[in-house]
Structure formats: C-alpha cells, structure tokens
Amino acid sequence: MPDAYTEAWYEAVRQAINDGASRLRSLPAGRFVVAVAIAADGRSPYVDGDGRRFLMEIDDGLCLWYRELGPDDDEKALAGRVDYRFRGPATVFDEIAAGQLDPVDAALRGTIAVRGDMRLLLRQAEQVKSLLDAYARSVATTWPLGRPPYAPSLDARGAAASA
C-alpha cells in the first residue's frame with residue numbers, strides 16, 4: 001500500500017486507471033490531458049503552501065503518465081495543451097482519495113471546479129467513472145500523517161474555523 005501523494009502512489013493510480021480501462025467495452029480514441037490543482041486549506045497535512053499540482057495524460061483510454069508538478073514546472077511545456085482542469089481544496093481531494101467522498105457529488109456541488117468540454121465527459125461517462133474509481137477506490141492508500149476526515153481547524157478562541 002503506497003503512501004498518499006508519493007511516486008509509488010501516482011504509479012498505483014496510473015495502473016488502476018489502466019486496469020479499469022481494460023475492463024471497458026470501448027475506449028475513447030484520442031489524447032487528452034488533465035490538470036489537477038489542489039489548494040492548501042489548513043486542514044490537510046499533505047498539502048501546504050502553494051498546494052499541489054498534477055498532470056495526467058490519457059491516450060486511447062489508457063493513462064500514459066500521472067505525475068506531480070514541481071513549483072517551477074510549466075504544464076504547457078510538459079504536456080502541450082490541457083483539456084480538463086480540476087481545482088479544489090486539499091481536504092476534499094484527500095477525502096475522495098480515501099473513498100469517503102464521491103467525486104461526482106463534489107463536482108456537482110461545486111466543491112471541485114471542473115473546466116473543459118463537458119459534452120465529451122458525458123459521452124465518455126464509462127471511462128470517466130473508471131478514472132474516478134481508480135483515484136477514489138482502487139488504490140489501497142496509507143496515510144502516514146493521518147487519514148481523512150480531519151478535525152475542523154480551530155481559531156485563536158478554540159472555535160471551529162471555516163476552511
């Protein structure tokens with residue numbers, strides 16, 4: 001079981017995406033790149049400062065690579081165009097990765113912002129579900145700094161602060 005947000009974890013998620021794709025009736029043709037931006041929210045011990053950024057390339061339904069970007073990495077230089085962007089707070093992404101929050105619900109509620117051609121996503125619903133399941137359910141993840149859900153942040157008076 002890989003630790004969350006490590007190279008071994010990214011590889012396990014990539015493999016889970018491809019394992020899921022191998023069970024689909026049909027795979028979408030073509031290439032698309034997904035960018036994910038996870039914002040530090042003061043609650044997740046895995047995301048601080050400027051947050052975390054990831055890129056993933058899917059080609060003919062298979063994940064070619066999935067990796068974290070460094071602070072100086074230029075996503076356009078690494079991947080060319082980006083077709084989809086997902087942005088949201090760290091706690092939400094952690095809870096999705098831990099299988100505690102449904103990613104579709106998070107997107108529908110606006111907790112995770114999604115940019116890109118939504119018509120294509122809807123036409124490829126089976127592939128999208130397989131991708132989401134790989135991230136949210138297929139990889140047994142360890143959480144060495146604590147597993148979500150996290151206790152609410154406290155303000156100076158000891159009251160729960162909003163994230």
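Since this is a predicted model, take the numbers as computed values, not measurements.

## Looking at the packing of aromatic side chains
Here comes step 1: Evaluation of the coordinates by the stated rule reveals eleven aromatic pairs.
Here comes step 2: Aromatic side chains Y10 and F54 sit 5.5 Å apart centroid to centroid with 65° between the ring planes, which places their arrangement in the edge-to-face category. Within this pair, whereas Y10 is found in helix α1 (residues 7-21), its partner F54 is found in strand β2 (residues 52-59), the two being separated by 44 residues in sequence.
Here comes step 3: Relative accessible area serves as the criterion here: at 2%, Y10 is assigned to the buried category.
Here comes step 4: Assessed through its relative accessible area of 2%, F54 is described here as buried.
Here comes step 5: Members of the aromatic cluster, each reached through a chain of ring pairs, are Y5, W9, Y10, Y46, F54, Y66, Y135 and W143.
Here comes step 6: Over the face of the ring belonging to W65 we find R67, whose NZ or CZ atom lies 4.0 Å from the ring centre.

## A look at the pairing of strand β3 (residues 62-69)
Here comes step 1: Sheet topology places β2 next to β3; seven bridges connect them, and they run antiparallel. Paired with D59 across the bridge in β3 is L62.
Here comes step 2: In this antiparallel pair of consecutive strands, β2 and β3, the connection spans two residues, and D60 shows a positive phi of 50°.

## With respect to the side chain of N18
Here comes step 1: Tracing the backbone through its elements, the reader meets N18 in helix α1.
Here comes step 2: With relative accessibility at 13%, the residue N18 sits in the buried group.
Here comes step 3: Those residues in contact with N18, other than ones at most four positions away along the chain, are L62 and C63.

## Remarks on the pairing of β2
Look at any regular strand and the pattern is simple: side chains alternate between the two faces of the sheet.
Here comes step 1: Burial analysis of β2 places six of its eight residues in the buried class, the great majority of the element.
Here comes step 2: Relative to β2, strand β1 (residues 31-39) runs antiparallel, the two sharing eight bridges. Each bridged residue has a counterpart across the sheet, and for A37 the counterpart in β2 is R53.

## So, the sheet that holds β3
Here comes step 1: Taken in spatial order, the five strands line up as β3-β2-β1-β4-β5 in an open sheet, and their pairing is mixed. Each edge of the open sheet is held by one strand with a lone partner, namely β3 and β5 (113-115). Averaged over neighbouring strand pairs, the angle between their axes works out to 15° when direction is ignored.
Here comes step 2: Helix-sheet contacts for α1 involve β2 and β3, and the interaxial angle to β3 is about 160°.
Here comes step 3: Its contacts with the sheet put helix α3 (residues 90-97) on β1 and β4 (84-89), and the angle it makes with β4 is roughly 105°.

## Quick notes on helix α6 (residues 125-138)
Here comes step 1: Along its length, α6 shows its largest kink, about 25°, at L132.
Here comes step 2: Among all positions in α6, only Q127, S130, L131, D133, A134, Y135 and A136 are buried.
Here comes step 3: Buried residues along α6 sit against α1, β1, β2, β3 and α3.

## Brief notes about the packing of α1 against α6
Here comes step 1: Axis separation between α1 and α6 bottoms out at 9 Å; the angle between their running directions is 140°. One finds that α1 runs oblique with respect to α6. The element α1 and its partner α6 pack so that their crossing is right-handed. Only Q127, S130, L131, A134, Y135 and S138 of α6 make contact with α1, whose side of the interface consists of W9, V13, A16, I17, G20 and A21.
Here comes step 2: Class assignment of the residues belonging to the contact of α1 with α6 gives a composition of eight nonpolar, four polar and no charged.

Definitions and cut-offs
- Residue numbers restart at each chain and count upward from 1, following the sequence in its written direction.
- Totals for whole chains, interfaces and linings use all residues, but because this is a predicted model, local features are given only for residues with pLDDT of at least 70 and pairs of side-chain atoms are given and counted only at 80 or more.
- Side-chain descriptors were evaluated using all non-hydrogen atoms of the structure, hydrogens and water having been removed beforehand.
- Only centres within 6.5 Å qualify two rings of Phe, Tyr or Trp (six-membered ring in Trp) as a pair; their planes then separate them into stacked at under 30 degrees, edge-to-face at over 60, and tilted for everything else.
- Each helix corresponds to a stretch of at least 4 residues labelled H or I by DSSP, and each strand to a stretch of at least 2 residues labelled E; elements are numbered beginning at the N terminus.
- With a 1.4 Å probe rolled over the protein chains alone, any residue whose accessible area is under 20% of its type maximum counts as buried; one over 50% counts as exposed, and the rest are partly exposed.
- The criterion for a charge sitting over a ring is simple: Lys NZ or Arg CZ within 6 Å of the ring centre, and within 35 degrees of the ring normal.
- Only when DSSP finds a minimum of two bridges between them are two strands counted as paired.
- Here, two residues are considered to be in contact whenever any of their heavy atoms come within 4.5 Å of each other.
- Working convention: axes come from line fits to C-alpha atoms, limited for helices to the stretch in contact. Angles between N-to-C directions cover 0 to 180 degrees.
- We define the bend at each residue as the angle formed by axes fitted to the 7 residues ending at it and the 7 residues starting at it.
- For this classification, under 35 degrees means roughly parallel, over 145 means roughly antiparallel, 65 to 115 means roughly perpendicular, and everything else is oblique.
- For any helix crossing, the convention is left-handed if the near helix is rotated counterclockwise from the far helix by under a right angle, and right-handed if that rotation is clockwise.
- Asp, Glu, Lys and Arg are counted as charged, while Ala, Val, Leu, Ile, Met, Phe, Trp, Tyr, Cys and Pro are counted as nonpolar; the rest, among them Gly, fall into the polar class.

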